[in-house]
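# Coordinate inspection notes
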Amino acid sequence: MKTFSATPADIEKKWILIDAEGVVLGRLASIVAMRLRGKHKPSFTPNMDMGDNVIVINADKIQMTGKKRDEHFYWHTGHPGGIKSRTKQQILEGAHPERVVFQAVKRMLPGNRLSRQQMTNLRIYAGTEHPHDAQAPEVLDVKSMNKKNTRSA
């Protein structure tokens, strides 16, 4: 028996909707990263973009354990002395709270061209509204998968 290797004709992408309200950030990010890569499919091929299109809503209502809200995200402007940082709490309260979820998912994927392509299949929204109703996304209930996935305030 030969090992199955998917071709572009074999790939079937679905649309998945995940509600992030009350879900722990790292657990959500690992589930989303697995769905983006397609590792949940029996026909997974590591060199193909087999993952589903994932929509995450309520990204501003994400939960974190411990003191992780006080941890910093760092970046550099490219100028001398241009190191900058914001805490996760500041980003969540700012104009783009979905960036916390985006960075968490991005850092759970390998750093290569395929992962950058797979990240284009991720759509994150701070509120409950999203413009993808026409795709009829399947709801994936992350909260009911494991009791550790949720956390009250």
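Quick look at the structure, then.

So, how was this worked out
- Residues numbered from 1 in each chain as written.
- Predicted model: local features only at pLDDT ≥ 70, side-chain atom pairs only at ≥ 80, totals over all residues.
- Heavy atoms only, no water.
- Helix = DSSP H or I, 4+ residues; strand = E, 2+ residues; numbered from the N terminus.
- Buried < 20%, exposed > 50% of the residue type's maximum accessible area, 1.4 Å probe, protein only.
- Contact = heavy atoms within 4.5 Å.
- Pairing = 2+ DSSP bridges.
- Right-handed = clockwise from strand over helix to strand, strands pointing away.

Attention shifts here to the environment of histidine 132. Tracing the chain through its elements places histidine 132 in the loop between strand 5 (122–124) and strand 6 (138–139). The exposure class assigned to histidine 132 is buried, which follows from its relative accessible area of 12%. Ignoring sequence-local partners within four residues, the contact set of histidine 132 consists of Trp15, Ile55, Arg123, Tyr125 and Pro137.

The buried count for strand 1 (residues 15–19) comes to four of five residues, which makes it a mostly enclosed element. As paired strands, strand 1 and strand 2 (residues 53–57) are joined by five bridges and run parallel to one another. Pairing of isoleucine 16 across the sheet is with valine 54, part of strand 2. As a crossover connection, the stretch from strand 1 through helix 1 (residues 25–37) into strand 2 is right-handed. Across two bridges, strand 1 lies against strand 6 in parallel orientation. Following the sheet pairing, leucine 17 is matched in strand 6 by valine 139.

Here leucine 17 lies in strand 1. A C-alpha to C-alpha distance of 20 Å links leucine 17 and arginine 116, two positions 99 residues apart in sequence. With residues up to four places along the chain from it excluded, the contact list for leucine 17 reads Ile55, Ile57, His130, Pro137, Glu138, Val139 and Leu140.

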